[in-house]
Amino acid sequence: MLVVGWWLIPITLFHLVPLVFSALSWRELLPVSHRPDAGIIIWIRWIRESINTLLPVAGIGGDVAGVRLVHLRGVPGAQAAASMVVDTTVGVVTQLVFVMAGVGLLLMRSTERGALVVAWMVLIGTAVFFVAIAAFVLCQHRGMFAGFAKLARRLLPETWLSALAARASTIDDAVVASYRSGGAIVRSSLLRLVGWAAGAGEVWLVLQCLGNPVGMVDAFILESLSSGVRAAAFIVPGALGALEGSFVLFGALFGLPPETSLAISLSKRVRELALGLPGLLVWHWIEGHQLLRRSQPKAH
C-alpha cells in the first residue's frame, strides 16, 4: 500500500465512472414526467452506495434510503419504490452477465486445472443465483408488496392495514408497468453493463502502480470474478474477508503474489472509506434538515 501511495487519489476518483453509469441506469427506470436531473440521481446513488458499503444493512438499507431521497425530489412514492426494485433486479442480472463474461474470458485464456476449478465454482454459484433471480422476478409479477402487506397483518394495527394494502397494490402495479417499458429496461441494462465493465479500470490502475502491469482483459476477469464473490457474500457487511480472499485466489491464476492481490482489495477499501464517509455525512445532513423542517411550528 505504501508503494501505491498518492496513486490512491486517482484510483479513488476513477470509481466515479462506474458510479455515474449505474446512476444513469437507475434514472432510466424513473417516470419521465418526474425524472430528476442526472446530477441529482448521481449524488443520491453516491449516498445509496455509501450506506450499502459502510453500514451493516445487508446491501438493502441504501436502497431504502435512495427511495426516500428520490421521493423528496418529487418522484411519487410508488414509482420511486418500483424503480428501486427493478433497478436492483437489473443490477443483479447484468452482474451475472458480467461474471459469465469473465468466466468465458478466463477459459479462453487458460485451461489449467486451477482455472477450470474456479470456472466450475463460479458457474455453479451463477446457476443458483439465476434460479433465485427468476423466483424474485416472478414474485414481483405476482404482487410481492401485496404479499408483504398480508404478512404485516400480524404486526401492524388494523387502522394502518387499509392504507398499507392500497400502497402495496400501487407499487406492484408500478413494478409491472416498469417491466412493460421494454426500451427503458434495455437502456438501463446496457448502461449498467458498461458500469460493471468500467470497474475493471480500477484493478488495472492498481496493478500498474504496483509494477505488475496486466492487460485490460486480465483486469476484467479479476474484477468480474471478485464482484461475483462480493454479491454472494452480501449478508457479510462490506464482504469483509470475502473480497480479500477472492483477490488472493483469483490473482494466483495470473501469477500475482498474495501481497499484490491483497493490495488490490485494500485499495478498494480505501476508496470505499474515502467516498463513503462523506456520503454518510451528506445523508445525515439531509435527514437532519428534514427533521428540523418537520419539527418547526407551521405558520398560521
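Since this is a predicted model, take the numbers as computed values, not measurements.

Once that is clear, we can look at the nonpolar core. Counting 29 residues, the largest nonpolar core has W26, L30, I41, I44, V70, V86 and V175 as the members making the most contacts within it. Mapped onto this core, the elements with two or more residues apiece are α2 (16-27), α3 (38-54), α4 (61-72), α5 (77-109), α8 (158-180) and α13 (258-295). Top contributing element to this core by residue count: α5, with 8 residues. Apart from the residues lying within four places of it in its own chain, the contact partners of V175 are A82, V85, V86, Q140 and F145.

So, on to α3. For α3, with 17 residues, the first-to-last C-alpha span of 24 Å sits near the 24 Å given by 1.5 Å per residue. Within α3, burial applies to I40, I41, I44, R45, I47, R48, S50, I51 and T53.

The next subject is the environment of F14. The residue F14 is located in helix α1 (residues 8-14) in this model. The spacing of F14 and G201 is 187 residues in sequence and 7.8 Å in space, taken between C-alpha atoms. When residues no more than four places from it in sequence are discounted, the contact partners of F14 are A198, G201, E202 and L205.

What follows is about empty space enclosed by the protein. One simple way to see leftover space: roll a probe sized like a water molecule over the atoms. Using the criterion set out here, one finds 1 cavity of 30 Å³ or more in the structure. Looking at the largest cavity, its volume works out to about 70 Å³. The wall of the largest cavity is formed by H15, L19, W46, E49, S50, T53, R271, E272, L275 and G276. Breaking the lining of the largest cavity down by element, the ones donating at least two residues are α3 and α13. Here the lining of the largest cavity is composed, by residue class, of 3 nonpolar, 4 polar and 3 charged.

Rules behind the numbers
Residues numbered from 1 in each chain as written. Predicted model: local features only at pLDDT ≥ 70, side-chain atom pairs only at ≥ 80, totals over all residues. Heavy atoms only, no water. Core = buried A, V, L, I, M, F, W, Y, C linked by side-chain atoms within 4.5 Å. Buried < 20%, exposed > 50% of the residue type's maximum accessible area, 1.4 Å probe, protein only. Helix = DSSP H or I, 4+ residues; strand = E, 2+ residues; numbered from the N terminus. Contact = heavy atoms within 4.5 Å. Expected span 1.5 Å × (residues − 1). 1 Å grid on protein atoms, 1.4 Å probe; cavity = no way out; pocket = protein on both sides within 12 Å on 5 of 7 lines; lining within 4 Å. Points joined across faces, edges and corners; volume = space filled by probe spheres on them. Nonpolar A, V, L, I, M, F, W, Y, C, P; charged D, E, K, R; others polar.

Don't take any of this as a statement about function, it's just geometry.
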